[in-house]
Amino acid sequence: MRRRSRRKSSTTLLRELDAFPKVPESCVEVSAAGGTVSLLAFTLIAVLSIGEFLYLRKTWIKYEYAVDTDMMSKLLINVDITVAMKCNTIGADVVDLAETLVASSDELHYEPVHFELSPEQKLWQRNLQSMHNCLEDEQNLLESFTEYTVADAKHKKPESEVLAVGSHNACRIYGSLKINKVAGNFHITLGRSIALRSAHAHLSYTLSEEEYNFTHRIDHVSFGKYVPGLINPLDGTEKLTKKNLHMYQYFVVVVPTKVNTFQFSIDTHQFSVTEKERTLNGTKADQGIPGIFMKYDMSSLMVKITEERTPVGQFLIRLCGIIGGIFSTADRKKQPTNSCF
């Protein structure tokens, strides 16, 4: 019975178990300087830990470039252009590098409209142009996705108001065309297009040169799958001219782009554009016909845009390093006095 009473319980053994020997409290001298060092150490740990947590939440953009191997698939070109001519006098189509008619004007919609904008539409156009200026300053495609794609309705053009006086003096051409991923030419010119064996032609109605007017407004032009709210370089462009034999040219380079963020993933196509316009003199030596020509080329490189942040494991390692380093430094500053020696 006495031997059993001398045995310590398992709970007591666990409490007494300590792999790191401690200095008895009676042998440690407590001072105000030591308390101040401890207070400063805990404060510094808290501040640095908050900083590390904020750094964990911070993200950055990583850009990668790869060869685009998907060259055999089809690509959509989405257009919404208003031309200051009647619908029965103009036509739009796409011709590729081999002068093959890829898409005819029958695949698009032609809607007679008024070229003049309503007050709400003018406000929408000014807002769109101001967004373009902001994006040019940022030089960042992701800004277009994250800041300006809040809602598609924000960028949707208001419905046109029917004017009480005058007939329709313009034609809105809109829709999507499926094209090959090779260089080509989308154009709007006089007459509807017809396909021939080795080329294509436009059947134009009998119009005098005084009736030519390729003043136009581009509400939307994009390549690939439609992305709601994405602002493209030509959106909101308006070209006005009083010259009849006028030719507008847009040189476009299309770049496949994959965007992966913590909020969304999108496969789209961004493009850069260079503009040129000139007035034709009507002579045989002057090459060209009046109209709107959008010559596009496909880039062989693909851009991958990825949003990244610090891994959680790295965050924990940095946090442990901060706590351990500050405690080690604080213990040396305290310099505890062992009065038993």
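Thresholds applied
- Residues numbered from 1 in each chain as written.
- Predicted model: local features only at pLDDT ≥ 70, side-chain atom pairs only at ≥ 80, totals over all residues.
- Heavy atoms only, no water.
- Helix = DSSP H or I, 4+ residues; strand = E, 2+ residues; numbered from the N terminus.
- Buried < 20%, exposed > 50% of the residue type's maximum accessible area, 1.4 Å probe, protein only.
- Contact = heavy atoms within 4.5 Å.
- Areas by Shrake-Rupley, 256 points an atom, 1.4 Å probe, with all protein chains shown as cover.
- Patch = residues over 30% accessible without salt bridge, like charges linked within 9 Å, V, L, I, M, F, W, Y side chains within 5 Å.
- Salt bridge = Lys/Arg side-chain N within 4 Å of Asp/Glu carboxyl O.
- Pairing = 2+ DSSP bridges.
- Expected span 1.5 Å × (residues − 1).
- Core = buried A, V, L, I, M, F, W, Y, C linked by side-chain atoms within 4.5 Å.
- Disulfide = S-S within 2.5 Å.
- pLDDT = per-residue confidence, 0-100.

A. Region of interest: the overall build of the chain. Helix and strand counts for the chain come out as seven helices and 15 strands. The buried share of the chain, reckoned over its 341 residues, is 38%. Within the chain, contacts between residues separated by at least 24 positions form 81% of all contacts whose residues are at least 6 apart in sequence. Carbon and sulfur atoms make up 56% of the accessible area of the chain, which amounts to about 21600 Å² in all.

B. Broad picture of the environment of H132. With respect to the helices and strands, H132 occurs in helix α4 (residues 119-138). Taking relative accessible area as the criterion, H132 reaches 12% and is therefore assigned buried. Counting along the chain gives 104 residues from H132 to G236, while the straight-line C-alpha distance between them is 8.8 Å. Apart from the residues lying within four places of it in its own chain, the contact partners of H132 are I231, N232, P233 and D235.

C. Main features of a nonpolar patch on the surface. A cluster of nonpolar side chains, F42, I323 and F327, forms an exposed patch at the surface whose accessible area comes to about 270 Å². By the element assignment, F42 lies in helix α3 (residues 32-57).

D. A look at the pairing of strand β12 (residues 246-260). Most of β12 sits inside the fold, with 11 of its 15 residues counted as buried. Sheet analysis places β12 next to strand β13 (residues 265-279), joined by 15 bridges and oriented antiparallel. Bridging from a neighbouring strand, P256 pairs with H269 of β13. Linkage of β12 to β13, two consecutive antiparallel strands, is achieved through a turn of four residues. Pairing between β12 and strand β14 (residues 291-298): eight bridges, direction parallel. Residue pairing in the sheet places F251 in a bridge with K295 of β14. Inspection of the sheet shows β12 paired to strand β15 (residues 301-309) by four bridges, in the parallel sense. Paired with V259 across the strands is I305, a residue of β15.

E. The pattern of salt bridges, seen in detail. Inspection of the entire model under this criterion finds nine salt bridges. Residues R172 and D80 are paired through a salt bridge, measuring 3.0 Å at the closest nitrogen-oxygen approach. Here R172 is found in strand β6 (residues 170-180), whereas its partner D80 is found in strand β2 (residues 74-83), with 92 residues between them in sequence. R172 gets classed as partly exposed once you look at its relative accessible area, which sits at 26%. Here R172 ties to E111 by a salt bridge, and the two come within 3.3 Å at their closest N and O atoms. Linking R172 in strand β6 with E111 in strand β5 (residues 109-113), this pair joins segments that are 61 residues apart in sequence. A relative accessible area of 29% places E111 in the partly exposed class. Among the charged side chains, a salt-bridge network with shared partners connects K62, E64 and E308.

F. Spatial organisation of α3. With 26 residues, α3 should reach 38 Å at 1.5 Å per residue; the first-to-last C-alpha distance of 38 Å fits that figure. Buried within α3 are the following residues: G34, S38, A41, I45, S49, E52 and L56.

G. The nonpolar core, seen in detail. Membership of the largest hydrophobic core comes to 38 residues, with the highest contact counts inside it found for F186, I188, V221 and F223. Only β2, β3 (90-96), β6, β7 (184-190), β10 (216-223), β12 and β14 provide two or more residues apiece to this core.

H. Fine view of the state of the cysteines. Tallying each qualifying case throughout the model produces one disulfide. Across the disulfide, C87 is cross-linked to C171 (sulfur-sulfur distance 2.2 Å). The S-S bond linking C87 to C171 shows a torsion near 105°; that makes this disulfide right-handed. Highlighted residues: C87 in the loop between β2 and β3 and C171 in strand β6, separated in sequence by 84 residues. Neither residue differs from the other here; C87 and C171 are each classed as buried.

I. View of the pairing of β7. Burial analysis of β7 places seven of its seven residues in the buried class, which makes it a mostly covered element. Pairing analysis gives five bridges linking β7 to β14, with the strands arranged antiparallel. Residue pairing in the sheet places I188 in a bridge with I292 of β14.

J. Here's a closer look at the confidence of the model for the chain. For the chain, the mean per-residue pLDDT works out to 78, and 72% of the residues sit at or above 70. The lowest-confidence element of the chain is helix α6 (residues 152-155), averaging 46 in pLDDT; the highest-confidence one is β14, averaging 92. Taken together, the stretch residues 146-154 has pLDDT below 50 and engages in 18 contacts with residues farther than four places along the chain or on a different chain. Low confidence marks residues 337-341, where pLDDT is under 50. Its contacts with residues over four positions away, or in another chain, come to eight contacts.

K. Up close: the environment of Y174. Looking at where Y174 falls in the secondary structure, it is placed in strand β6. A relative accessible area of 26% places Y174 in the partly exposed class. With 92 residues separating them along the chain, Y174 and T82 place their C-alpha atoms 8.4 Å apart. Ignoring sequence-local partners within four residues, the contact set of Y174 consists of V79, D80, L108, H109 and E111.

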